[in-house]
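Chain residues, written in single-letter form:
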Amino acid sequence: KYEKLLAQSEEKTSEYKLQLMNPELATDYPKLMEIQNKLDEEEKNQESILERMLETELELEDMQEDNRDGK
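Residues numbered from 1 in each chain as written. Predicted model: local features only at pLDDT ≥ 70, side-chain atom pairs only at ≥ 80, totals over all residues. Heavy atoms only, no water.

## Some points on the overall build of the protein
At step 1: A tally of regular secondary structure across the protein gives two helices and zero strands.
At step 2: Against the compact-globule benchmark of 11 Å for 71 residues, the protein has a radius of gyration of 19 Å, which places it well outside the compact range.
At step 3: The burial tally for the protein puts 17% of its 71 residues in the buried class.
At step 4: Considering only intrachain contacts with a sequence separation of at least 6, the fraction spanning at least 24 residues in the protein is 58%. (Helix = DSSP H or I, 4+ residues; strand = E, 2+ residues; numbered from the N terminus. Rg over C-alpha atoms; globule rule 2.2 N^0.38 Å. Buried < 20%, exposed > 50% of the residue type's maximum accessible area, 1.4 Å probe, protein only. Contact = heavy atoms within 4.5 Å.)

## Observations concerning the packing of helix α1 (residues 2-20) against helix α2 (residues 29-68)
At step 1: The interhelical angle for the contact between α1 and α2, taken along N-to-C directions, is 160°, at an axis separation of 9 Å. Classified by the angle their axes make, α1 and α2 are roughly antiparallel. Regarding α1 and α2, the two cross each other, and that crossing is left-handed.
At step 2: A class-by-class count of the residues in the contact of α1 with α2 yields eleven nonpolar, seven polar and eight charged. (Axes fitted to C-alpha atoms, helices over the stretch in contact; angles between N-to-C directions. Parallel < 35°, antiparallel > 145°, perpendicular 65-115°, else oblique. Left-handed = near helix turned anticlockwise from the far one by under 90°. Nonpolar A, V, L, I, M, F, W, Y, C, P; charged D, E, K, R; others polar.)

## Here we look at the pattern of salt bridges
At step 1: According to the stated counting rule, one finds two salt bridges in the structure shown.
At step 2: Between K31 and E34 there is a salt bridge; the shortest N-O distance is 3.7 Å. Of this pair, K31 and E34 both sit in helix α2, three residues apart, which is roughly one turn of that helix.
At step 3: A salt bridge links E34 to K38, with the nearest nitrogen and oxygen atoms 3.4 Å apart. Of this pair, E34 and K38 both sit in helix α2, four residues apart, which is roughly one turn of the helix.
At step 4: Through salt bridges that share partners, K31, E34 and K38 make up one connected network. (Salt bridge = Lys/Arg side-chain N within 4 Å of Asp/Glu carboxyl O.)

Nothing here speaks to function; it is geometry throughout.
Following this line, the structure appears as structure tokens:
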């Protein structure tokens, strides 16, 4: 689940970066700022997804340890 969300987010990030490099937008400051804001938001989203993935992995490890310890 998280891998799919992360992949989708990375695709969006790539699209935004490509849009920022578009020479036609070089003089359109408001549009550039809009795209940059979307890019920043998507990068925060990726961080959140990665944090949730890590938390889930740690919870699974704890559960596996508890099962091995007979708890």
